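Report on the structure
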Amino acid sequence: GRVAAICRFVRVLAPSDRRSMEWCLSRRSLSPNAELVHKMSRCGTIRSSAVEAAFLAVDRAHFISDDADVSSGAYADMPLRCSGVHLSAPSIYAAALEALDLRPGLSFLNIGSGAGYLSAIASQILGSEAIHHGVEHNAWLVEHARSRLAKVGCSHVELHAASVFSIDLARSMRYARIYIGAGASVGTTAGVLALLQVGGVLVGPLGWPDGSQQLIRATRTSESSYAISPALAVQFTRIVQPPPNSPPPERKLTLRLPRWDETSHRRFPPAHRAAVRAVLILQARSAGVLSYLPKEVVVSEVLPLLRYDAWAEQHSPAGEHQAWEKSLDSATRALLAATGGAMDDDEEEEEDDEDED
């Protein structure tokens, strides 16, 4: 009788009150991770069903160190640092993921990928066929992340133990979505922005002239323009800068486009897959020069030559240094305009060092 009475009461509530009551009634059956996620949904931090489902699928405690006490804050909406592993507050990740507007199949770059928690959540939305790269300067943390990601079915995430400053920005691929997980200067952010596809979105904490940080959302609207807006006041650990006057890295990290083969076909954009089908149809119909080649040769030698992003709109081929420099200059100007036209302390120090040289 009591349960029936409660159910009748819930049915007459207003929709918003009803959801709150239903949440309270079901709270006892929620796991700690689910309770954390539902709290973020109720307060509006999580707004989309895709982001909510992604958080529910990934237990935050799985990504902390084995010797850490789970009860010490794994399921609290607060930053967590233990045994060398640092996780931002879940609400910060939620805000970033909502701003990124991830969709299945989009290419994604995570700068400062850390313990792999955000990468695991993003993978739930992007899917296993998406190109998903992470760059983390701490080699031990990369191994930690790889093992944790593998255990939750995210072995497809490709992690690199490297500094953001070692990325070959001129030769690396472009991405549809980029997240920066540490406080970055205008110069650093501009370099990463140059890796965005036209129409792509970057989210990350940018240093302001007064020393504060803002989580920004930057959209590349064309080859030479960006729309940048601050989304949230934050305070992240700053990106580890190379020592002053240090020589450039001996080896640059090139974040490569995938090479086509029959097993990776589904990872390529729809336009690319359509082109592959067209080539195979022409070969099968004995049309043109392709008819002189066996299908095996076309598949193993010809189709891999088609670039991943060959049909991307307004794309400047990777490796064209002049185009990259123009892109970097445009990104820098847009960021300076967004922050009031001033560089932060790190960049001023870098300029001073250059003047001394």
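Everything below is about the structure printed above this text.
Attention in this report is confined to the structure presented alongside it. For clarity, every value in this text was computed on a predicted model and none was experimentally measured.

1. Considerations on the overall build of the protein
A tally of regular secondary structure across the protein gives 12 helices and 9 strands. Carbon and sulfur atoms provide 52% of the accessible area of the protein, an area that totals close to 18200 Å².

2. Quick look at the sheet that holds strand S3 (residues 108-111)
Read across the sheet, 7 strands follow the order S5-S4-S3-S6-S7-S8-S9 without closing on themselves; strand pairing throughout is mixed. Pairing within the sheet leaves two strands with one partner each, and these edge strands are strand S5 (158-161) and strand S9 (225-234). On average, each strand axis in the sheet is tilted by 15 degrees relative to the strand beside it, whichever way the strands run. Of the strand pairs in this sheet, S3 and strand S6 (residues 175-180) are connected by 4 bridges, and their pairing is parallel. Residue pairing in the sheet places asparagine 110 in a bridge with tyrosine 179 of S6.

3. Describing unusual backbone geometry
Of note, the phi angle at aspartate 101 is positive, near 55 degrees, even though the residue is not glycine. Mapped onto the fold, aspartate 101 is located in the loop between helix H5 (90-100) and S3.

4. Looking at the packing of aromatic side chains
Inspection of the entire model under this criterion finds 3 aromatic pairs. Where tyrosine 93 meets tyrosine 117, the ring centres are 5.7 Å apart and the plane angle is 65 degrees; that geometry is what we call edge-to-face. Taken as a pair, tyrosine 93 in helix H5 and tyrosine 117 in helix H6 (residues 117-126) lie far apart in primary sequence, 24 residues in all. Assessed through its relative accessible area of 9%, tyrosine 93 is described here as buried. Among the residues examined, tyrosine 117 registers a relative accessible area of 1% and is labelled buried.

5. Looking at the nonpolar core
By size, the foremost hydrophobic cluster in this structure holds 48 residues, and its most contacted members are Phe55, Leu97, Leu102, Tyr117, Tyr179 and Val203. For this core, the secondary structure elements donating two or more residues are helix H3 (32-42), helix H4 (49-57), strand S1 (80-82), strand S2 (85-87), H5, H6, helix H7 (139-151) and strand S7 (196-207). Leave out the neighbours within four places in its chain, and leucine 102 touches Leu97, Phe108, Ala122, Ile125, Leu126 and Arg177. Counting residues in hydrophobic clusters, the runner-up holds 32 residues, among them Ile167, Ala182, Leu202 and Ala334.

6. Considerations on helix H8 (residues 186-193)
With respect to burial, H8 is a largely interior element, 7 of its 8 residues being buried. Restricting attention to buried positions, one finds in H8 the residues Val186, Thr188, Thr189, Ala190, Gly191, Val192 and Leu193.

7. Here's the deal with the pairing of strand S8 (residues 213-222)
Most of S8 sits out of view: 8 of its 10 residues are buried. Hairpin connection between S7 and S8: a loop of 5 residues separates the two successive antiparallel strands, and glycine 211 in this loop has a positive phi of roughly 95 degrees. In sequence, S8 turns back onto S9 through a hairpin of 2 residues.

Procedures and definitions
Residues numbered from 1 in each chain as written. Predicted model: local features only at pLDDT ≥ 70, side-chain atom pairs only at ≥ 80, totals over all residues. Heavy atoms only, no water. Helix = DSSP H or I, 4+ residues; strand = E, 2+ residues; numbered from the N terminus. Areas by Shrake-Rupley, 256 points an atom, 1.4 Å probe, with all protein chains shown as cover. Pairing = 2+ DSSP bridges. Axes fitted to C-alpha atoms, helices over the stretch in contact; angles between N-to-C directions. Phe/Tyr/Trp six-rings, centres within 6.5 Å; stacked < 30°, edge-to-face > 60°. Buried < 20%, exposed > 50% of the residue type's maximum accessible area, 1.4 Å probe, protein only. Core = buried A, V, L, I, M, F, W, Y, C linked by side-chain atoms within 4.5 Å. Contact = heavy atoms within 4.5 Å.

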